[in-house]
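Examining the three-dimensional arrangement
Residue strings, one per chain:
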Amino acid sequence: MENKEQFLKIYANLPIGVRQEIVLVLDGRPITWDVAYIEVISDTPLAKIILEKLENLKFI
């Protein structure tokens with residue numbers, strides 16, 4: 001999964017403090033970089049949505 005690899009590269013280079021910041025909002029719920037990382041690593045259905053949204057936002 002190309003988006004997953006790109007996300008992991010970006011996440012690895014983020015400062016620790018930034019990882020706790022909100023990166024996007026899904027259904028009114030804030031998603032931080034840390035939450036996104038957990039979802040992506042676990043290959044959850046939510047991870048696919050997160051990766052698509054981050055790609056659309058040109059974050060990955």
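Residues numbered from 1 in each chain as written. Predicted model: local features only at pLDDT ≥ 70, side-chain atom pairs only at ≥ 80, totals over all residues. Heavy atoms only, no water.

Moving on to the pattern of salt bridges. One pass over the structure, following the stated rule, counts one salt bridge. Close ionic contact of Asp43 with Lys4 constitutes a salt bridge, the shortest N to O distance being 3.0 Å. Of this pair, Asp43 sits in the loop between helix 2 (33-41) and helix 3 (45-56) while Lys4 sits in helix 1 (residues 2-12); the two residues are 39 residues apart in sequence, bridging distant segments of the chain. By relative accessible area, Lys4 is classed as buried at 19%. (Salt bridge = Lys/Arg side-chain N within 4 Å of Asp/Glu carboxyl O. Helix = DSSP H or I, 4+ residues; strand = E, 2+ residues; numbered from the N terminus. Buried < 20%, exposed > 50% of the residue type's maximum accessible area, 1.4 Å probe, protein only.)

Right, let's get into helix 1. Every buried residue of helix 1 is accounted for by Asn3, Lys4, Phe7 and Tyr11. The arc that holds the buried residues of helix 1, viewed along the axis, is 100 degrees, so those residues lie on one side. Across helix 1 from its buried face, at more than 90 degrees, point the exposed residues Glu2, Glu5, Lys9 and Ala12. Tucked into the core, helix 1 has its buried residues touching helix 2 and helix 3. (Arc of directions from axis to C-beta. Contact = heavy atoms within 4.5 Å.)

For the rest of this paragraph, the subject is unusual backbone geometry. With glycine set apart, most residues show a phi of negative sign, and most peptide bonds adopt trans. Phi is positive for Asp27, which is not a glycine, with a value near 50 degrees. Checked against the element boundaries, Asp27 lands in the loop between strand 1 (22-26) and strand 2 (29-32). Accessibility expressed as a relative area gives 75% for Asp27, which makes it exposed. Even without a glycine there, the phi angle at Lys58 is positive, about 65 degrees. Take Lys58: it is sitting in the segment after helix 3. Lys58 sits in the exposed class, given a relative accessible area of 70%.

Quick look at the packing of helix 2 against helix 3 now. Close contact between helix 2 and helix 3 brings their axes to 8 Å; oriented N to C, the two are set at 125 degrees. By the angle class used here, helix 2 and helix 3 are oblique. Crossing of helix 2 over helix 3 shows left-handed handedness. Every residue of helix 3 that contacts helix 2 at Ala36, Glu39 and Val40 is listed here: Leu46, Ala47, Ile50 and Leu51. Across the contact of helix 2 with helix 3, the residue classes tally to six nonpolar, no polar and one charged. (Axes fitted to C-alpha atoms, helices over the stretch in contact; angles between N-to-C directions. Parallel < 35°, antiparallel > 145°, perpendicular 65-115°, else oblique. Left-handed = near helix turned anticlockwise from the far one by under 90°. Nonpolar A, V, L, I, M, F, W, Y, C, P; charged D, E, K, R; others polar.)

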